[in-house]
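Residue strings, one per chain:
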Amino acid sequence: MARDRVPVLKRCRSLNLDPIYLGIDKKSKRQNQRANKKMSEYGLQMREKQKAKFIYGVLEKQFRGYYAQAEKIAKKEGIPGENLLMLLEMRLDNVMFRLGYGRTRKEARQIVDHKFVTVNGKVVNIPSYLVKAGDVIEIKESKKNTQRMKDIVEVAGGRIVPEWLDVDAEKLQGTVKDLPTREQIDVPVDEMLIVELYSK
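Residues numbered from 1 in each chain as written. Predicted model: local features only at pLDDT ≥ 70, side-chain atom pairs only at ≥ 80, totals over all residues. Heavy atoms only, no water.

A.B. asks: Just give me the short version of the pairing of strand β5 (residues 173–176), but keep the residues and values in it.
C.D. replies: Two faces belong to every sheet, and in a regular strand the side chains alternate between them. Two strands pair when backbone bridges link them, and strand β3 (residues 136–139) and β5 are joined in this way by three bridges, in the antiparallel orientation. Directly across from Val136, in β5, lies its bridge partner Thr175. Connecting strand β4 (residues 165–168) to the next strand, β5, in antiparallel fashion are four residues, including Leu172 with a positive phi near 50°. (Pairing = 2+ DSSP bridges. Helix = DSSP H or I, 4+ residues; strand = E, 2+ residues; numbered from the N terminus.)

Structural data, given as structure tokens:
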């Protein structure tokens, strides 16, 4: 599988992105040398797309698929850019991160990969699995008391859970109450620039 091997803080610096959005509480001490350089319109559009891909840990082919899906949904309701972010938010690895069952999205993805997670009582180990409103996501009973889960909950358990999710910290369980609206998605991405890029 293709992987992004660029150091996280270096990548954040190049995308002008605060690492806190990735669940990383560190700051790069270096300054971005290119921060003051004027970017072309295409450059700005590309940067927003790369930012979204980097935050959610999605590769180009998959990202294109989400955009195509977002456009399809937009024929019935919503706006392509907002639908795109909503689809990315509904990924199982992202929902795990939002619930506080992963210090970073990468860790949340590992937790899903290693069969720690059930959706509506069934084990799901596909990080890109799209959850739906009403789905109940839970850490498998046999994994709840592992040291790894205790460490994660200790660090990420106090994270503010978005309104569209409901969390039961005692049971290590969460419920998807509704689909997220754009106002409830706190990622610093200008989705309109991504739409402009793909509509060329």
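A.B. asks: If you had to explain the nonpolar core to someone new, which residues and values would you point to?
C.D. replies: Judged by nonpolar contacts, the single largest core of 24 residues is most densely connected at Leu92, Met96, Ile111, Val117, Ile137 and Ile139. Among the secondary structure elements, those contributing two or more residues to this core are α5 (92–99), α6 (105–113), β1 (117–119), β3 and α7 (147–156). Examining the composition of this core, we find that five residues originate from one element, α5, more than from any other. Non-local contacts of Ile137, meaning those with residues more than four positions away in its chain, are made with Leu92, Val95, Met96, Leu99, Val117, Thr118, Val119, Val131, Leu172, Gln173, Gly174 and Val176. Leu17, Tyr67, Leu87 and Leu88 belong to the second largest nonpolar core, which has 23 residues in total. (Core = buried A, V, L, I, M, F, W, Y, C linked by side-chain atoms within 4.5 Å. Buried < 20%, exposed > 50% of the residue type's maximum accessible area, 1.4 Å probe, protein only. Contact = heavy atoms within 4.5 Å.)

A.B. asks: Give a detailed account of the packing of helix α2 (residues 41–56) against helix α8 (residues 191–198), specifying residues and quantitative values.
C.D. replies: Where α2 contacts α8, the axes come no closer than 8 Å and their chain directions differ by 115°. One way to sum up the angle between α2 and α8 is to call them roughly perpendicular. Pair α2 / α8 crosses with left-handed handedness. Judged by residue contacts, Glu41, Tyr42, Leu44, Gln45, Met46, Glu48, Lys49 and Ala52 of α2 engage Leu193, Ile194, Glu196, Leu197 and Tyr198 from α8. Residue classes in the contact of α2 with α8 are distributed as eight nonpolar, one polar and four charged. (Axes fitted to C-alpha atoms, helices over the stretch in contact; angles between N-to-C directions. Parallel < 35°, antiparallel > 145°, perpendicular 65-115°, else oblique. Left-handed = near helix turned anticlockwise from the far one by under 90°. Nonpolar A, V, L, I, M, F, W, Y, C, P; charged D, E, K, R; others polar.)

A.B. asks: Explain helix α3 (residues 60–74) residue by residue, including any values.
C.D. replies: Each α-helix turn comprises 3.6 residues. Residues three or four places apart therefore point the same way. The end-to-end C-alpha separation of α3 is 21 Å, in line with the 21 Å expected for 15 residues at 1.5 Å each. Regarding α3, the residues found buried are Phe63, Tyr66, Tyr67 and Ala70. The buried residues of α3 occupy one face: seen down the axis, they fall within an arc of 100°. Opposite the buried face of α3, at more than 90 degrees from it, the exposed residues are Lys61 and Lys72. Buried residues belonging to α3 abut α2, α4 (80–89) and α8. (Expected span 1.5 Å × (residues − 1). Arc of directions from axis to C-beta.)

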